[in-house]
Amino acid sequence: MAAPMEVALVSDAAGPLCNCSVWELHSGSALPGYRGGNSGPRGLALLGGEHLLGAQLGKSYINVWELQRKDQLQQKIICPGPVTCLTASPNGLYILAGVAESIYLWEVSNGNLLAILNRHYQDLTCLCFTDDSSHFLSGAKDCLALVWNLYSVLQAEPSQIPDPRHVWSRHSLPITDLCCGFGGPLARAATASLDQTAKLWEISSGDLLLSVLFDVGIMAVTLDLSEYHMFCGGMDGSIFQVDLCAWPVQRDRTFQTERENGKVFKGHRNQVTCLSVSTDGSLLLSGSHDETVRLWDIQSKQCLKTMNHKGPVTNAFIVLAPANMFNPDGKPSVPLPKFSKHLHGTESNDEQGSEGVTLRLGLHQQESGESYLEKAEKMYSQMYSTREKNLEGDQEHLTIQVSELEEEVSTLRKINKNLFDFSARIITKPAK
């Protein structure tokens, strides 16, 4: 069959047979779903168009499916505690998970746990990346939303705790949802909170652009692709449409339901937990604790379809259907590795040795068995200690050290030349 252009991925907290249901967006027809367990709130994510990730509700692991193999789990990523939220970078290179008040960052290519970020004071509730994967946002029950530069996090030394680029502290109650628009580091981001407000921010400057006050706590927020409208899901089941281009421009605004009745979607009987807008901006998907998923026409505010589930809806979002989802013979381009439970660089030597193979070049010339980097570090430490010495001291000892450094430099140059020659031979070797 031809893959539909857009599908809705939906999970609930009590599905007895299916973890994630798949619906063709425009016809509403059910497609084969993914079996095994139940995914928690904000705990479902696509990885690189080839895998589906689902944070098991109340458990300390993440389920992994290959998109074309829906009948069984292919892998479980073990975590140190129950996963409260989950996301994957749009470029498919990184996975983020919230465990208690900590953010765990994995590299997909090798499974290494690159960073554990501890800048929140209470449990994480939501995570999201910018569309270019350069930044990510985190929200928690401590009322804070943090903006992180991924490059800065990756470049930080293991002993250092990287600082977020921005700390947004204007909410007075827990953050419930986050949403990033388009534009990478120049994008705008929306935050929702139990304090009955939704706020719009500029990632580049960190400035607050808009704050909208509602009559109820806000549980979900999303933007349409053109960013003309912000949609906010309330605890009472209402969905509010906020015009971002309304005139006059006001940073602080109050949404008065009785005056803006034409901008409210009514139909859910319990709190709205998730929202998503179709690519063309004409349809709105919503999930609720009333165990239903609804598809709305945005212009008329009419409910077009209602899909019933067996429990409170925990995740519901619209995606362009990856080709592998409907190709039973398709396989991921690269299989997922085993994901580490320990921070990269802190494992024991035995554990590191069991994970892969280390290639050393020119071992016959390395009499001391030291690696290239070890020699370089030793040389640097010697140079530094020499510089700190009192030059009026023992001149003979200083001369010996200079001689040793010259020998080290000569050895390193030989190693570097041999490494270059070896690489050149491999690259220029004609194919058989």
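Throughout this description, residue numbers start from 1 for each chain and increase along the sequence as written. Two thresholds apply to this predicted model, a pLDDT of at least 70 for residue-level local features and 80 or more for giving and counting side-chain atom pairs, whereas whole-chain, interface and lining totals are computed over all residues. Working from all heavy atoms in the structure, the side-chain values ignore hydrogens and water.

**A look at the pattern of salt bridges**
Salt bridge, as applied in this entry: a Lys or Arg side-chain nitrogen positioned within 4 Å of an Asp or Glu carboxyl oxygen. If you walk through the whole model with that rule in mind, you get 4 salt bridges. We note a salt bridge from Arg42 to Asp177, for which the minimum N-O separation is 3.5 Å. Highlighted residues: Arg42 in strand E4 (residues 39–47) and Asp177 in strand E16 (residues 175–180), separated in sequence by 135 residues. As far as the burial class goes, Arg42 and Asp177 line up, both buried. Residue Asp163 pairs with Arg119 through a salt bridge whose shortest N-O separation is 2.7 Å. In this pair, Asp163 is assigned in the loop between helix H1 (150–155) and strand E15 (166–168) and Arg119 in the loop between strand E11 (113–117) and strand E12 (124–129), connecting sequence segments 44 residues apart. To qualify as a helix, a DSSP run of H or I must reach at least 4 residues; to qualify as a strand, a run of E must reach at least 2; elements of each kind are numbered from the N terminus. Buried residues are those whose accessible area, probed at 1.4 Å on protein chains only, stays under 20% of the maximum for their type, while exposed residues exceed 50% and partly exposed ones sit between those limits.

**Section: the packing of aromatic side chains**
Ring geometry is summarised as follows: Phe, Tyr and Trp rings, the Trp one being its six-membered ring, pair when their centres sit within 6.5 Å, and such pairs are stacked at plane angles under 30 degrees, edge-to-face over 60 and tilted between the two. Summed over all chains, the structure comprises 11 aromatic pairs. Here Phe265 and Trp296 contribute two aromatic rings whose centre-to-centre distance is 5.6 Å and whose plane-to-plane angle is 75°, an arrangement assigned as edge-to-face. Highlighted residues: Phe265 in strand E24 (residues 264–265) and Trp296 in strand E27 (residues 292–297), separated in sequence by 31 residues. Taking the relative accessible area as the measure of exposure, Trp296 reaches 1% and is therefore buried.

**Here's the deal with the sheet that holds strand E21 (residues 229–234)**
DSSP calls a pair of strands paired once it identifies at least 2 bridges connecting them. The sheet built from 4 strands is open, its strands ordered E20-E21-E22-E24 with antiparallel pairing. Unpaired on one side and paired on the other, strand E20 (218–223) and E24 mark the two borders of the sheet. Examined bridge by bridge, E21 and strand E22 (residues 239–243) share 5 bridges and lie antiparallel to one another. Pairing of Met230 across the sheet is with Val242, part of E22.

**What about the confidence of the model for the chain?**
Detailed reading of predicted coordinates is not advised where the pLDDT is low. Residue-level confidence of the predictor is summarised by pLDDT, bounded by 0 at the bottom and 100 at the top. Considering every residue of the chain, the mean pLDDT works out to 85; 85% of them sit at 70 or more. For the stretch residues 348–368, pLDDT sits under 50, and the model shows 12 contacts to residues farther than four places along the chain or on other chains. Note on definitions: a residue-residue contact is assigned when non-hydrogen atoms from the two residues lie within 4.5 Å.

**A short note on the pairing of strand E2 (residues 20–24)**
Counting buried residues along E2, 5 of its 5 residues qualify, which places the element largely inside the surrounding structure. By the alternation rule, side chains of E2 split into Cys20, Val22 and Glu24 and Ser21 and Trp23, which are all buried. Bridging between strand E1 (residues 6–12) and E2 involves 5 bridges; their strand directions are antiparallel. The residue of E2 that forms the bridge with Val7 is Glu24. Alignment of E2 against strand E3 (residues 30–34), held across 3 bridges, turns out to be antiparallel. Each residue of the ladder has a partner; that of Cys20, found in E3, is Tyr34. If you look at the hairpin formed by E2 and E3, you'll find 5 residues sitting between the two strands, and Gly28 has a positive phi there, around 80°.

**Considering the pairing of strand E26 (residues 283–288)**
Most of E26 is tucked away, with 6 of its 6 residues classed as buried. Pairing of strand E25 (residues 272–277) with E26 involves 5 bridges; the strand directions are antiparallel. Bridged to Ser276 within E26 is Leu285. Between E25 and E26, which pair antiparallel in sequence order, lie 5 residues; one of them, Gly281, sits at a positive phi of approximately 75°. Sheet topology note: the E26/E27 ladder contains 5 bridges and is antiparallel.

**Some points on the sheet that holds strand E23 (residues 252–254)**
Judged by pairing direction, the sheet is mixed, and its 5 strands sit side by side in the order E16-E17-E18-E19-E23 without closing on themselves. Every other strand in the sheet has two partners, leaving E16 and E23 as the edge strands with one partner each. Recorded for the sheet is a direction-independent mean angle of 15° between the axes of neighbouring strands. Comment: axis = line fitted to C-alpha atoms, over the contacting stretch for helices; angle = value between 0 and 180 degrees taken between N-to-C directions.

**Focus: the layout of surface pockets**
Here a cavity denotes a set of grid points, spaced 1 Å apart and computed over the protein atoms alone, in which a 1.4 Å probe fits but from which it cannot get out, and a pocket denotes an open set meeting protein on both sides within 12 Å along at least five of seven lines; residues with an atom within 4 Å of a point are reported as lining. Grid points are joined across faces, edges and corners, and a volume is the space filled by probe spheres set on the points. In this structure, the largest pocket spans a volume of roughly 1,400 Å³. In terms of lining, the largest pocket is formed by 44 residues, of which the most central are Cys180, Ser276, Phe317, Ile318 and Val319. Of the residues forming the lining of the largest pocket, the biggest block, 7 residues, is contributed by strand E29 (residues 313–320). Under the scheme applied, nonpolar residues are Ala, Val, Leu, Ile, Met, Phe, Trp, Tyr, Cys and Pro; charged residues are Asp, Glu, Lys and Arg; polar residues are all the others, including Gly. Classifying every residue of the lining of the largest pocket gives 26 nonpolar, 12 polar and 6 charged.

**Concerning the environment of Val212**
Inspection of the secondary structure puts Val212 in strand E19 (residues 208–213). Of the residues examined, Val212 reaches a relative accessible area of 1% and is grouped as buried. Residues Val212 and Arg251 lie 39 residues apart in sequence; the distance between their C-alpha atoms is 8.2 Å. Residues in contact with Val212, not counting those within four places in the same chain, are Gln196, Thr197, Ala198, Met230, Val242, Arg253 and Phe255.

**With respect to the side chain of His171**
Relative to the assigned elements, His171 resides in the loop between E15 and E16. Looking at His171, its side chain comes within polar contact range of the side chain of Thr191, at 2.8 Å. Under this definition, polar contacts are N or O atom pairs within 3.5 Å; protein pairs additionally need one hydrogen-donor-capable and one acceptor-capable atom, and for neighbouring residues in sequence, both atoms have to be side-chain atoms. A distance of 3.1 Å separates polar atoms of two side chains, one belonging to His171 and the other to Asp195. Every residue in contact with His171, bar those within four places of it in the chain, is listed here: Cys143, Thr191, Ser193, Asp195, Thr197 and Lys199.

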